[in-house]
Amino acid sequence: MTRDAITIRALDPDDLDAVAGLFERLFAKLPRGTLYEKSRADFLDLLSARSGGNLGAFENGAMVGYTLVRVAPWDAPYETFPLGDGIARGQPVAVAAGTLVAPEWQGRLLGARLLRARRPSLEAGGVRHAVGEMLIDNLNSVAMYLRTGGAICGFNTDSFGLANFVHYTGPLTVDADQTKAVETARLEEMEALFFRGFICRRLRTKSRSNEGPVFSLAPLAGWPR
């Protein structure tokens, strides 16, 4: 797929140097917990899977961004993710393994373009559900996932001991009733709403009361289960 000066295409093991090189150039500059450290062997393992969810963005042949996933049987790995009950155990699920964009392309929606391209690529391979985690204060990433059709549906603590949102993209969130949305700036209230079958599809990064980001959560049909 080509748009402007950018080409987005599937990645394979021949792209190892480009993927690892971009990661090695930027990883030390990222806030702790944004991405997990990976070796070249880790990247080769991901690229060798040819899952359909590994995409790279290239400008004049040079990689300027990528998104990677690991497809695995679903085993409900998250602390708080009630929506996961709608995924059958053992069903193939794409678990996010990192999305990274070169600094010169940040703020130009390249990450969103990669995520939009990822979904049909996964579905073509029979993978309908995608999940992952992001730091709760990484509002740029939260907004990006929401903008591209994803939803925030739970919480998890990562290996650094940091709080993360659990995000989901797929058919389970298509029937959220935005006319009954509830706004909150409190994470504990969000958790209670998740267990009642609410998902977050909208975010305001600033509120009039200076409470910080305000999340809009809408109920799914048929909940609570």
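Higher on the page you've got the structure.
Residues numbered from 1 in each chain as written. Predicted model: local features only at pLDDT ≥ 70, side-chain atom pairs only at ≥ 80, totals over all residues. Heavy atoms only, no water.

Could you clarify how one ought to interpret the pairing of strand β11 (residues 214-219) in this entry?
A regular strand places its side chains so that they alternate between the two faces of the sheet. Most of β11 sits out of view: 6 of its 6 residues are buried. The alternating pattern of β11 places Val-214, Ser-216 and Ala-218 on one face and Phe-215, Leu-217 and Pro-219 on the opposite face, and all of these are buried. In this sheet, β11 lies alongside strand β9 (residues 182-184) in antiparallel orientation, the contact comprising 3 bridges. Looking at the pairing, Glu-183 lines up with Ser-216 of β11. Relative to β11, strand β10 (residues 198-204) is paired through 6 bridges, and the arrangement is antiparallel. Counterpart to Phe-198 in the pairing with β11 is Pro-219. (Buried < 20%, exposed > 50% of the residue type's maximum accessible area, 1.4 Å probe, protein only. Helix = DSSP H or I, 4+ residues; strand = E, 2+ residues; numbered from the N terminus. Pairing = 2+ DSSP bridges.)

Before we go on, may I ask you to explain the pattern of salt bridges in this structure?
If the charged atoms of two oppositely charged side chains come close together, the side chains can form a pair. Summed over the entire model, instances satisfying the criterion amount to 8 salt bridges. Of the charged contacts in the structure, one is a salt bridge between Glu-188 and Arg-186, with a shortest N-O distance of 3.1 Å. (Salt bridge = Lys/Arg side-chain N within 4 Å of Asp/Glu carboxyl O.)

It is not clear to me how the side chain of Thr-148 should be interpreted in this structure. Could you clarify?
Structurally, the position occupied by Thr-148 is in the loop between α4 (139-147) and β7 (151-157). Within polar-contact distance, the side chain of Thr-148 engages the backbone oxygen of Met-144 at 3.0 Å. For Thr-148, the side chain forms a polar contact with the main-chain oxygen of Tyr-145, separated by 3.1 Å. Apart from the residues within four sequence positions on either side, Thr-148 is in contact with Ala-112, Leu-115 and Arg-116. (Polar contact = N/O pair within 3.5 Å; in protein donor to acceptor, adjacent residues only side chain to side chain. Contact = heavy atoms within 4.5 Å.)

What exactly am I supposed to notice about unusual backbone geometry here?
For residues besides glycine, phi is generally negative; the peptide bonds are generally trans as well. Of note, Ala-76 is a non-glycine position whose phi angle comes to about 50 degrees, a positive value. Tracing the sequence through the fold places Ala-76 in the loop between β4 (62-73) and β5 (92-101). Note on Ala-76: relative accessible area 36%, which makes it partly exposed. A positive phi angle, near 65 degrees, is found at Leu-109, a position not held by glycine. One can find Leu-109 in the loop between β5 and α3 (110-124).

Sorry if this is basic, but what is going on with empty space enclosed by the protein here?
Leftover empty space is mapped by rolling, across the atoms, a probe with the size of a water molecule. Enumeration according to the criterion identifies 1 cavity of 30 Å³ or more in this entry. What the largest cavity holds in volume is close to 40 Å³. Lining the largest cavity, in full, are Pro-82, Leu-83, Cys-153, Phe-194, Gly-197, Phe-198, Ile-199, Leu-220 and Trp-223. Taken together, the residues of the lining of the largest cavity sort by class into 8 nonpolar, 1 polar and no charged. (1 Å grid on protein atoms, 1.4 Å probe; cavity = no way out; pocket = protein on both sides within 12 Å on 5 of 7 lines; lining within 4 Å. Points joined across faces, edges and corners; volume = space filled by probe spheres on them. Nonpolar A, V, L, I, M, F, W, Y, C, P; charged D, E, K, R; others polar.)

The quantities given are spatial measurements derived from coordinates; they are silent on function.
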